[in-house]
Amino acid sequence: MNPTTSFPPHKIIGVAVIWNDQKQILIDRRRPQGAMGGLWEFPGGKVEPGETIQECIQREITEELGIAIEVGEHLITVDHTYTDLRVTLTVHQCRHVAGVPQPLECDEIRWVSLKELEKFDFPKANIQIIDALKGR
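Not measured: the values here are computed from a predicted model.

Describing the UniProt feature "binding site: 8-oxo-dGTP" (unreviewed entry) in the protein chain
What UniProt calls "binding site: 8-oxo-dGTP" (unreviewed entry) maps, in this numbering, to Arg-30, Glu-41, Phe-42, Pro-43, Gly-44 and Asn-126. On the basis of their most widely separated C-alpha atoms, the annotated residues across 97 residues gather in one place, lying no more than 13.2 Å apart. Here Phe-42 shows up in the loop between strand E3 (40-41) and strand E4 (44-46). According to the relative accessible area criterion, Phe-42 is buried, its value standing at 3%. You can see Pro-43 is positioned in the loop between E3 and E4. Discounting residues that sit within four places of it in the chain, Pro-43 has contacts with Gly-14, Val-15, Ala-16, Ile-18, Leu-26, Asp-28, Ile-61, Glu-64 and Leu-65.

Laid out in structure tokens, this is it:
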């Protein structure tokens, strides 16, 4: 095994908690095929080489949802290991600026209140994000 390879594989992910003017958060449901299929998540994606977390979040939200956002303050960084994958989620508070969100790379999207988040099934790593949002 070469020194740059780890098991489980490690992905650095930029994650957006996108708020609208009605104090709702945008969440999306993963497509059924693939890892954690059918679960809800905060949108984002893998950081590309040479890209900052903020640039990653901007790019991913444009690609996945077709909207413009303003990337704000850092909320939390979550390091979580699943059986087959380690993720580091760097989460930023974001503001919806323009466009109507479209489920371009997911099954469904919803604007929900902070209280409503607990009604949705999220991957384990996302629970710390929800706790941070609730001030726990």
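Still more ground to cover, so stick around.
Side note on the environment of Gln-58
Take Gln-58: it is sitting in helix H1 (residues 53-65). The class of Gln-58 is partly exposed, set by a relative accessible area of 33%. Taking the C-alpha atoms as reference points, Gln-58 and Val-15, 43 residues apart in sequence, are found 9.8 Å from one another. Excluding residues that lie within four positions of it along the chain, Gln-58 makes contacts with Ile-69, Glu-70 and Val-71.

Remarks on the UniProt feature "binding site: Mg(2+)" (unreviewed entry) in the protein chain
On the UniProt side, "binding site: Mg(2+)" (unreviewed entry) is annotated at positions that read Gly-44 and Glu-64 here. These annotated residues cover 21 residues of sequence, and their C-alpha atoms lie no more than 8.1 Å from one another, placing them together at a single site. The residue Gly-44 is located in strand E4 in this model. Overall, Gly-44 belongs to the buried group, its relative accessible area being 15%. Excluding residues within four positions of it along the chain, Gly-44 makes contact with Gly-14, Val-15, Glu-60, Ile-61 and Glu-64. You can see Glu-64 is positioned in helix H1. On the basis of relative accessibility, which here comes to 12%, the residue Glu-64 falls in the buried class.

Considerations on the environment of Ile-76
Tracing the backbone through its elements, the reader meets Ile-76 in strand E5 (residues 68-81). Residue Ile-76 is classed as buried on the basis of its relative accessible area, which comes to 18%. In the structure, Ile-76 is positioned 25 residues away from Glu-51 in sequence and 19 Å away in space, judged by C-alpha atoms. Excluding its chain neighbours within four sequence positions, the residues that come into contact with Ile-76 are Leu-89, Thr-90, Val-91, Gln-128, Ile-129 and Ala-132.

Considerations on the nonpolar core
The biggest cluster of nonpolar side chains holds 22 residues, and the ones touching the most others in it are Ile-27, Phe-42, Leu-89, Leu-117, Phe-122 and Ile-129. For this core, the elements supplying multiple residues, two or more each, are strand E1 (10-19), strand E2 (25-29), E5, strand E6 (86-98) and helix H2 (124-133). With four residues, the single largest contributor to this core is H2. Phe-122 has contacts with Ile-27, Leu-39, Trp-40, Glu-41, Phe-42, Leu-117, Ile-127 and Ile-130, leaving out every residue within four places of it along the chain. Core analysis: the next-biggest nonpolar cluster, separate from the first, contains 13 residues, Ala-16, Leu-26, Ile-53 and Leu-65 among them.

Parameters at a glance
- Here the residue numbers are simple positions, counted from 1 along each chain's written sequence.
- It should be noted that, the model being predicted, local features are given only for residues of pLDDT at least 70 and side-chain atom pairs only at 80 or more, the latter also being counted only at that level, while totals for whole chains, interfaces and linings use all residues.
- The side-chain values count all of the structure's non-hydrogen atoms but skip hydrogen atoms and water molecules.
- UniProt positions are given in the numbering used here, feature names are shortened, and annotations may be inferred rather than shown by experiment.
- Starting at the N terminus, helices and strands are each numbered in turn, a helix being any DSSP run of H or I of at least four residues and a strand any DSSP run of E of at least two.
- Under the scheme applied here, a residue whose accessible area is under 20% of the maximum for its type counts as buried, over 50% as exposed, and between as partly exposed, the area being computed with a 1.4 Å probe on protein chains only.
- Residue contacts are defined here by distance: any two heavy atoms, one from each residue, within 4.5 Å place the two residues in contact.
- What makes a nonpolar core is a set of buried Ala, Val, Leu, Ile, Met, Phe, Trp, Tyr and Cys residues whose side-chain atoms join them at distances within 4.5 Å.

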